Structure formats: C-alpha cells, structure tokens
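# What the coordinates show
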Amino acid sequence: MKRFANLKRLGFFTRLLDEAPAVDRYRFAAEQIVHAEKAGLDSAWIAQHHFHEREGGLPSPFTFLGYVAAQTSRVRLGTGIVTLPLENAVRVAENAAVLDLLCNGRFDLGVGTGGNPSAFAAFGLDSAQRNEIFARNLEIVRTALVGKPLDGGDTLYPLRPQLDKRIWQATFSVAGGARAGKAGDGLLLSRTQPRAKEAPKATLAEIQNPIIDAYLAALPPGCEPRIMASRSVFVADDHREAMRFADIGLRRALPQFLKGGHARPGETLEEMITAFDTHVGAADEVIASLRTDATLERVTDLVFQVHSVDAPHPYVLRSIELVADKVAPALGWTRTAPEVALAG
C-alpha cells in the first residue's frame, strides 16, 4: 500500500469560512487549532483575505495568531498566506517578529501575491503590478528580519533573524516555484487550481509537479526542500454523512468556485467532488483518494482543510481527529507529539 516516504509533517489549515457571524468564526477556528494540537498535529495555518467573507474571513492574521498562540504550546502556527502586496512590508516584519517571540519560535511566515483585484483598488494599488510589489516587499521583509538597515538607517526591533529561514512562498506557477526555490524558501501548493482550456481534465498532480520540478531545480545546493501541499479533506464516521455535507458545501461554494476561473463541473456530486479536488468520505475512502494524488509523494508537509465542504463545527473537530488517528498514519505520517485525550 502506497505510503508517502517524504511526508514529515501534518497540518490543519483554515480560511475561517464557518457559516457563522465573524465572532463565532474566530472562536471556532481557534477551537479547531487547539483541537489539532491535542490530536498531535505539527502545524496550523490560516489565510488572510480582505473584504470578501465568502473567500475568507480574516483580514488580520497576526492578531488572530497571537490569540491562538496564547491557547497553544506546541503546534507551529503559520500564515498561508499574508497577501504581501497589500501590506506595509516593515509592519509585516515587525508583526512577524513580535508574534514569533511571543509564541517561542513557533511561527512560519507564508506569503503570496494573491488577493481579489477589487481589494487592490481599495488599497489604492494596481492588481496588474502585484508581482512587482510582492518582490519589492519581500526583499524589505528579509532585510528587516535579518537586521540590515532599512531606508533611513533604522533596524528592526525585536530582531528575529531566524524567521528568514521560515519563509514560505505560495504560487500557482512554474515561475513562482523557481522563485521560491532560488530564495531557499518553502513552497506552498494550493488545494486546487483552475485547469487550462487546452487541458480541462488535467489532474492536480499534472499541474503541480512541474512547479515542484522548478522549485527543486532552483534550490541552492545544501538547502533542504520544504514543500507543502494543501488539500481539501473531510472525513466523517460514515460515507453517507460525509456525502451529505459534501453535497451541501460544494453546491454552496460553486458560485465562488466559478468566479475563481474554474470550469463548471457536472451536476452530480461525484463530478463536483472531482472538480473541487476534494477528498471526502469515511477514513478508508479518503486514504484511497489521497493515494491517487502523485504530488503527495514529493511533499514534506501535508496541510488539510475542510473547505469547500465546510461542515458544521463539531464535524470539523471530528474530521481533525479522524485525519490524525486514521488517515495520515496510513499515508506515512508519524505523530511526534504525545496525543492528548480529546473530549467528546
């Protein structure tokens, strides 16, 4: 049975999309991360989104992770991602440094160019220039973190040069993979990507393996690869329950899915599950599904999220348990932290 030999770490990821008011979204996400730590997971990641609550519910990732850091003690905390073109780069470095100090070195800084074009307009920026702004801001973040003088001569306080070795870059492209590799950063791969018109039936592995190839080819000699794949995973205690939530969640997510550039899937639930690159079902079904994903043979980190099934909060907590107890060990992950008894 296929096991992923390179898989070293397992994480939980959330875009804070629970069907609830903002205050409950934040509470649920914090509880899910605490639950993930108790289940023995290695990391927890959150996304930043401005304005569009159907895409993501959190504009202030450092504030939220500071709140979560106070409730956890072991699990690593990461941004997946900070939308760097929309941020003041010096403030990103300052926020990252303070957060990493307060959580005792448990923070990883994931960055990307993303963001809705209208969000760029709201910030007085041109979305067409996102790549240039990203490159410029990332250089400033690095300069600040390692203690080099910034324009005007000031240097960062508090200083956290070790964070420079914990930067991850998210990308959809081969060029982006090469950029992350050249910098010696980690590579963040998305849970799904739009298919090109000339290859509408391409697998996610066929899209993402060339990105990994470019990343590894550009990585400096002696620099250890860090390759993280996010995947949509929802596990329930039985097949029928999983499919019920999948049918509700995927149909609800369809308008946003199409808006993101994806082709319209067929009408059946099975066609939608395939189109959304979702791994859903009872534990044995999800194990079998993930084993078909050739990208996962090459990753060091697997981070799972319940989007776009987005089942109610208690079922998300149960899915976390089932992934940690049944799914991930079957794929080659070894729990390194002691498991804590989970209530309920």
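Look up a bit, the structure's there.
The structure contained in this document is the topic of the report that follows. Throughout this document, residue positions are counted from 1 along each chain, in the order its sequence is written. Owing to the predicted nature of the model, reporting of local features is limited to residues with pLDDT of at least 70; listing and counting of side-chain atom pairs is limited to 80 or more, with chain, interface and lining totals taken over all residues. Excluded from the side-chain calculations are hydrogens and water; all other atoms, namely the structure's heavy atoms, are used.

### Looking at the overall build of the protein chain
Only DSSP runs of H or I with at least four residues qualify as helices, and only runs of E with at least two residues qualify as strands; both kinds are numbered from the N terminus onward. On a plain count of helices and strands, the protein chain comes out with 11 helices and 10 strands. Radius of gyration: over C-alpha atoms. The globule rule applied is 2.2 Å multiplied by the number of residues raised to the 0.38 power. Here the C-alpha radius of gyration of the protein chain, 19 Å, is about what a compact globule of 344 residues would show, namely 20 Å. Its C-alpha atoms put the protein chain at 60 × 50 × 45 Å along the principal axes. Counting only carbon and sulfur atoms, one obtains 55% of the accessible surface of the protein chain, whose full area is about 15,000 Å². Here the accessible surface of atoms and residues is derived via Shrake-Rupley with a 1.4 Å probe, and residues count as covered only by protein chains that are part of the display.

### Quick notes on the nonpolar core
For the purposes of this section, nonpolar cores are sets of buried Ala, Val, Leu, Ile, Met, Phe, Trp, Tyr and Cys residues that join through side-chain atoms within 4.5 Å. Burial status follows relative accessibility: with a 1.4 Å probe on protein chains alone, a residue under 20% of its type maximum counts as buried, one over 50% as exposed, and anything between as partly exposed. With 89 residues, the main nonpolar core has Ile33, Phe64, Phe107, Leu109 and Phe234 as its most contacted residues. For this core, the leading source of residues is helix α11 (residues 313-331), giving nine residues. Residue contacts are defined here by distance: any two heavy atoms, one from each residue, within 4.5 Å place the two residues in contact. Once residues within four sequence positions are removed from consideration, Leu109 is found in contact with Phe62, Thr79, Val82, Val92, Ala96, Val141, Arg166, Ile167 and Trp168. Ile81, Trp168, Met228 and Val303 belong to the second largest nonpolar core, which has eight residues in total.

### Structural notes on the environment of Trp168
Looking at the element boundaries, Trp168 is found in strand β6 (residues 167-170). Between the C-alpha atom of Trp168 and that of Glu87, which follows or precedes it by 81 residues, the distance is 16 Å.

### Topic: helix α10 (residues 283-291)
Because each turn of an α-helix spans 3.6 residues, side chains separated by three or four positions in sequence point in the same direction. Within α10, burial applies to Ala283, Val286, Ile287, Leu290 and Arg291. Along the axis of α10, the buried residues cluster in a sector spanning 135°; they form a single face. Buried residues along α10 sit in contact with β8 (227-235), β9 (278-281) and α11. The arc in question is formed by the directions pointing from the helix axis toward the C-beta atoms.

### A short note on the pairing of β8
The side chains of a regular strand alternate between both faces of the sheet. Most of β8 is tucked away, with nine of its nine residues classed as buried. Judged by which residues are buried, β8 turns out to be covered on both faces: Ile227, Ala229, Arg231, Val233 and Val235 on one side and Met228, Ser230, Ser232 and Phe234 on the other are all buried. Strands pair, by our definition, only if DSSP identifies at least two bridges between them. With three bridges connecting them, strand β7 (residues 186-189) and β8 associate as parallel partners. Looking across to β8, one finds that Leu189 is bridged to Ala229. For β8 and strand β10 (residues 301-305), the ladder comprises five bridges, and the chain directions are parallel. Along β10, the bridge assignment pairs Ala229 with Leu302. Where β8 and β9 come together, four bridges link them in parallel fashion. From the neighbouring strand, Val235 faces β9, where its bridge partner is Gly281.

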